[in-house]
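# Geometric and topological summary
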Amino acid sequence: MTVLNIAIAVDGLSEHWLGGVNYFRNLVTVFDAAAEPGLRLHVLTDEPGFFNDLHPSPRVVVHGLGMLKRKSLAWVLRKALMLATGRDTQLLAHLKHHDVRAVLFKYVEGASAVGIPTMPWIPDFQFKHLPELFPPSVVTALQKKAQLYIRNADGLILSSQAACDDAVSLFGADRRKLHVLRFAPKVNFEPLQSASLRDEVFARHGIARPYVFLPNQYWQHKNHQVVVRALKLLRDEGRPAPLIVSTGKTEDPRTPAYFTEFEAGVRAQGLTADYRILGVIPRQDMLVLLAHSLAVLNPSRFKGWSTTVEEAKSLGKPLLVSNIAVHREQVAGRGDALCFGTDDASALAAQLEGLARRHASDAATSHPPWPDPSLHTVFMTQNIAFLRTVVSAHKVAV
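Residues numbered from 1 in each chain as written. Predicted model: local features only at pLDDT ≥ 70, side-chain atom pairs only at ≥ 80, totals over all residues. Heavy atoms only, no water.

## Observations regarding the sheet that holds strand 12 (residues 319–322)
Taken together, the 6 strands give an open sheet; going across it, the order is 10-9-8-11-12-13, and neighbouring strands pair in parallel fashion. Lying at the two open borders of the sheet, with one neighbouring strand each, are strand 10 (275–279) and strand 13 (337–340). This sheet shows a mean twist of 25° between the axes of neighbouring strands, independent of strand direction. With 5 bridges joining them, strand 8 (residues 211–215) and strand 9 (residues 243–247) adopt parallel strand pairing. Across the sheet, residue Tyr211 finds its bridge partner in strand 9, namely Leu243. Across the face of the sheet, helix 12 (residues 307–314) comes into contact with strand 8, strand 11 (295–298) and strand 12 while running at roughly 160° to strand 12. (Pairing = 2+ DSSP bridges. Helix = DSSP H or I, 4+ residues; strand = E, 2+ residues; numbered from the N terminus. Axes fitted to C-alpha atoms, helices over the stretch in contact; angles between N-to-C directions. Contact = heavy atoms within 4.5 Å.)

## A few points about unusual backbone geometry
Backbone geometry places Lys71, a non-glycine residue, at a positive phi of 70°. Structurally, the position occupied by Lys71 is in the loop between strand 3 (60–64) and helix 2 (73–85). The class for Lys71 is exposed, based on a relative accessible area of 66%. Despite not being glycine, Asp99 has its phi angle at roughly 55°, a positive value. (Buried < 20%, exposed > 50% of the residue type's maximum accessible area, 1.4 Å probe, protein only.)

## Here we look at helix 3 (residues 89–97)
Every buried residue of helix 3 is accounted for by Leu91, Leu92, His94 and Leu95. An end-on view of helix 3 places all buried positions within 160° of arc, on one side of the element. Exposed and oriented more than 90 degrees from the buried face of helix 3 are Lys96 and His97. Summarising the contacts, the buried residues of helix 3 are in contact with strand 1 (4–10), strand 2 (39–45), strand 3, helix 2 and strand 4 (100–105). In the stretch just after helix 3, Asp99 is the one whose phi turns positive, near 55°. (Arc of directions from axis to C-beta.)

## With respect to the side chain of Asn216
With respect to the secondary-structure elements, Asn216 resides in the loop between strand 8 and helix 9 (225–236). Take Asn216: its relative accessible area is 4%, and that puts it in the buried class. Polar side-chain contacts of Asn216 include one of 3.2 Å to the side chain of Ser300. (Polar contact = N/O pair within 3.5 Å; in protein donor to acceptor, adjacent residues only side chain to side chain.)

## A closer look at the packing of helix 11 (residues 283–291) against helix 12
Close contact between helix 11 and helix 12 brings their axes to 10 Å; oriented N to C, the two are set at 55°. Judged by the angle between their axes, helix 11 and helix 12 are oblique. The handedness of the crossing between helix 11 and helix 12 comes out as right-handed. Together, Arg283, Met286, Leu287 and Leu290 of helix 11 and Thr308, Glu311 and Ala312 of helix 12 make up the contact between the two elements. (Parallel < 35°, antiparallel > 145°, perpendicular 65-115°, else oblique. Left-handed = near helix turned anticlockwise from the far one by under 90°.)

## Focus: the nonpolar core
As a rule of thumb, nonpolar side chains are buried together in soluble globular proteins. If you look at the biggest cluster of nonpolar residues, it comprises 36 residues, and the most contacted ones within it are Ile8, Phe24, Phe51, Leu104 and Phe105. Among the elements of the structure, strand 1, helix 1 (18–34), strand 2, strand 4, strand 5 (118–122) and helix 15 (374–393) are those that each provide at least two residues to this core. Broken down by element, this core gets its largest block of residues, 7 residues, from helix 1. Once residues within four sequence positions are removed from consideration, Phe51 is found in contact with Val10, Leu13, Phe24, Arg25, Val28, Val43, Thr45 and Val62. (Core = buried A, V, L, I, M, F, W, Y, C linked by side-chain atoms within 4.5 Å.)

## Some words on the pattern of salt bridges
Applying the stated criterion to the full structure yields 22 salt bridges. Linking Glu200 and Arg204 is a salt bridge whose minimum nitrogen-to-oxygen distance equals 3.2 Å. With Glu200 and Arg204 both in helix 8 (residues 195–205), this residue pair falls 4 residues apart, about one helical turn. Overall, Glu200 belongs to the partly exposed group, its relative accessible area being 43%. One salt bridge connects Arg229 with Asp343, and the closest N-O pair in it is separated by 3.9 Å. (Salt bridge = Lys/Arg side-chain N within 4 Å of Asp/Glu carboxyl O.)

## Notes on the confidence of the model for the protein
For the protein, mean pLDDT is 89; residues scoring 70 or higher make up 94% of the total. By mean pLDDT, the top-scoring element of the protein is strand 12 (98), and the lowest-scoring one is helix 15 (72). (pLDDT = per-residue confidence, 0-100.)

## Side note on the pairing of strand 13
When strand 12 meets strand 13, the two strands line up parallel, connected through 4 bridges. When the sheet's bridge partners are listed, Leu320 is paired in strand 13 with Leu338. Since strand 12 and strand 13 lie parallel, the crossover through helix 13 (residues 325–331) that links them has a hand, and here it is right-handed. (Right-handed = clockwise from strand over helix to strand, strands pointing away.)

## Regarding helix 14 (residues 345–358)
For helix 14, spanning 14 residues, the distance from its first C-alpha to its last is 20 Å, which sits close to the expected 20 Å at 1.5 Å a residue. Those residues of helix 14 lying buried are Ala345, Leu348, Ala349, Gln351, Leu352, Glu353, Gly354, Leu355 and Ala356. Turning to helix 14, the residues buried within the fold contact strand 8, helix 9, strand 9, strand 11, strand 12 and strand 13. (Expected span 1.5 Å × (residues − 1).)

Following this line, the structure appears as structure tokens:
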């Protein structure tokens, strides 16, 4: 059988962007599990360590490329050569050596001219919606990059319909060249239903009462403040509230002092008993806490696509989410999801109070999941359909 080699280029991954890490890890896992005949996936990355624990497979080849490592000597030399020639000469040579016929998730300068279509990825347009979170130079650079992709790339991959609509409304993109690839993670349900593992995780993290789970890293736009305001409102008015259990990285590289100030505010308002900050915990612990929560909460002011919302959906958990376009897209048609305005602490307080009152007579700390594996199956089907579309629409030669 003739093999068609398609690459996904994944640079810039780091522990500061766990959503991106999980996105690409799951994408590779899904491709491997689908076992699509005749297709081989090449993962081109400057951080192969993020993929090392995935099972080796003849369908997936991981390339660790120093030339993709930003500001490394290899990267500087590659960029200098690209400026001199107008083509990404070194990366193109690597692609040709491995007979790669299309590149996804990255724009490769000069690839289309040599018959290799490229379809870069823009996860979101946060720099247009919340420009105050970025230095002006970064906003300008991201603007130019988006314009370059939309003007010159063979297509564009987007994580949501909301981002697709932004590409059209903000940049005049041609919808026919846009591809929405939504993401649904694969969750191993069996261990999450183990009572002994649940009890071990609860003991390790001191969870002894019903809780709402908030798995968001502490970047300023993640909007944890509205949760604290809602809790204070409930406390001051003598209304019941569930415990909030928060996990995620506590460093915001854009605003280094943010978490320290936030944590001090929680203490100053006397809310430490109702707002528990666990920081970064093992992924299995995180999934156990998500699986046995009353509900999962995401108050973000902006998202490209929320992995934790998808994990909550796959585990059958109720959702409390901010009323932003991508969240509305993710929870559409779900009767167990409630939205609140990003600054509407009163609405969130009412939703938290409702949960607390519904479970007032329920002394159980755990509220077991109702797994729904169909979401991941749909994502797997869409992923393979997307690859077939790439091959067909851009006439990738075998």
